[in-house]
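Residue strings, one per chain:
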Amino acid sequence: MTQTNDSRQRPTLATVNADAEPRLIDFHPIGDHRGWLTAMEEGKDIPFEVKRVYVIYGTLKEISRGFHAHRDLEQLAICVSGHCTFMTDDGQRRQEFILDTPNKGLYIKSMIWREMHHFSSDCVLVVLANRLYDPTDYVRDYAEFKRLVQGAKA
Ligand code: T46
């Protein structure tokens, strides 16, 4: 199905929050005498149709990023160089994931608060997303995020 950024076509929070646990996806590095190659294929390693790719790099020392959730967005974050820590929060449970290899991706569905901390100076974070950029999709207030996830569960 072709997805659009039209909010009228979006599923409800209760629907998108089903099975919403963030999880690491293992890719399969291929090594030979020249070094390594890791491939990620849509539908196989990437559990959604990729509409957008962005890269976070050159993050300054002591800087943290994120501090928001998305109403309706699936993403896969892959650290292709260096390392950083991804904190996820579903409103009840916080988890920390250290991303430090191109061979793993952190899959995050909708309505997960995320913060990224402890970026190494060489950190390059590639993020694949299933929707185009939409600033109205962001929930940047933690109290509002809590209200929305509690409302979806009620
Ligand atoms: C997320 C975490 C992991 C665009 O113009 N297009 C884009 O596709 C994106 C992602 C951002 N932007 C602009 C919006 C801001 O002016 O780039 C600027 C920085 O974005 P932001 O402050 O949202 O960056 P982070 O690192 O806090 O969050 C980003 C993603 O925005 C977000 O979706 O889940 O990385």
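In every chain, residue numbers begin from 1 and rise along the written sequence. Whole-chain, interface and lining totals are the exception, using all residues; otherwise, since this is a predicted model, local features are given only for residues with pLDDT of at least 70 and side-chain atom pairs are given and counted only at 80 or more. For side-chain calculations, the full set of non-hydrogen atoms in the structure is used, while hydrogens and water are omitted.

A.B. asks: Would you mind showing me how to read the environment of glutamate 96 here?
C.D. replies: In this structure, glutamate 96 sits in strand β8 (residues 94-99). Exposure is judged per residue with a 1.4 Å probe applied to protein chains only, and the accessible area is read against the type maximum: over 50% gives exposed, under 20% gives buried, and values in between give partly exposed. Glutamate 96 sits in the exposed class, given a relative accessible area of 59%. Taking C-alpha positions, glutamate 96 is 9.5 Å from methionine 116, a pair spaced 20 residues apart along the chain. Any pair of residues with heavy atoms lying within 4.5 Å of one another is described as a contacting pair. When residues no more than four places from it in sequence are discounted, the contact partners of glutamate 96 are Thr85, Phe86 and Met87. A run of H or I in DSSP becomes a helix once it reaches four residues, and a run of E becomes a strand once it reaches two; helices and strands are each numbered from the N terminus.

A.B. asks: Mind showing me how you'd approach the state of the cysteines here?
C.D. replies: Disulfides are covalent bonds that link the sulfur atoms of two cysteine residues. Throughout, a disulfide means two cysteine sulfur atoms within 2.5 Å of one another. Taken as a whole and assessed by the stated rule, the structure comprises zero disulfides. With no disulfide of its own, cysteine 79 lies closest to cysteine 123 among cysteine sulfurs, the gap being 3.8 Å. In this model cysteine 84 remains outside any disulfide bridge; the closest cysteine sulfur is found in cysteine 123, 4.1 Å from its own.

A.B. asks: Help me out: how do you make sense of the site of the ligand in this one?
C.D. replies: Note on terminology: near, applied to a residue and a molecule or strand, indicates that one of the residue's heavy atoms is within 4 Å of it. Residues in contact with the ligand amount to 14 residues; listed here are only the nearest, Arg52, Arg65, His70, Arg114 and Tyr138. Contact distances for the ligand include 2.9 Å between an oxygen atom and a backbone N or O atom of glycine 66. The separation between an oxygen atom of the ligand and a polar side-chain atom of histidine 70 is 2.6 Å. Using a 1.4 Å probe, the Shrake-Rupley method yields the accessible areas, and only the shown protein chains count as cover for residues. If the ligand stood free it would expose 650 Å²; the protein chains cover 68% of that surface. If you tally residues by element for the shell around the ligand, the top one is strand β5 (residues 65-70), at four residues. Two N or O atoms count as a polar contact when they lie within 3.5 Å, although within protein this holds only if one can serve as hydrogen donor and the other as acceptor, and sequence-adjacent residues are included solely when both atoms are side-chain atoms.

A.B. asks: Is there a simple way to think about the sheet that holds β8 in this case?
C.D. replies: Whether parallel or antiparallel, the strands of a sheet pair through hydrogen bonds between backbone atoms. Each pair of strands is called paired provided DSSP finds at least two bridges between the two strands. Taken in spatial order, the five strands of this open sheet run β8-β7-β10-β5-β12, and their pairing is antiparallel. Each edge of the open sheet is held by one strand with a lone partner, namely β8 and β12 (138-139). Where strand β7 (residues 84-89) meets β8, six bridges bridge the pair, whose relative direction is antiparallel. The partner of threonine 85 across the bridge, within β8, is isoleucine 98.

A.B. asks: Would you mind showing me how to read the side chain of histidine 68 here?
C.D. replies: Locating histidine 68 in the fold gives a position in strand β5. Within the structure, histidine 68 has its side chain in polar contact with the backbone oxygen of glycine 66 (distance 3.0 Å). In contact with histidine 68, other than residues within four places in its own chain, are Ile112, Trp113, Arg114, Tyr138, Val139 and Arg140.

A.B. asks: What is the right way to look at the sheet that holds strand β6 (residues 75-81) in this model?
C.D. replies: Read across the sheet, five strands follow the order β1-β9-β6-β11-β4 without closing on themselves; strand pairing throughout is antiparallel. Two strands close off the open sheet at either side, each with one partner strand: β1 (23-26) and β4 (52-57). Pairs of neighbouring strands in the sheet enclose a mean axial angle of 25°, with direction left out of account. By the bridge criterion, six bridges tie β6 to strand β11 (residues 124-129) in an arrangement that is antiparallel. Orientation is described by axes fitted as lines to C-alpha atoms, over the contacting stretch for helices, and by angles from 0 to 180 degrees between their N-to-C directions.

A.B. asks: Just to check I follow, could you spell out unusual backbone geometry for this structure?
C.D. replies: Keep in mind that most residues, glycine aside, have a negative phi and that most peptide bonds are trans. Within the chain, phenylalanine 67 stands out as a residue other than glycine whose phi angle is a positive 60°. Looking at the secondary structure, you find phenylalanine 67 in strand β5. Among the residues examined, phenylalanine 67 registers a relative accessible area of 34% and is labelled partly exposed. Positive phi, normally seen in glycine, also occurs at histidine 118, with a value near 55°. One can find histidine 118 in the loop between β10 (113-117) and β11. The class of histidine 118 is exposed, set by a relative accessible area of 57%.

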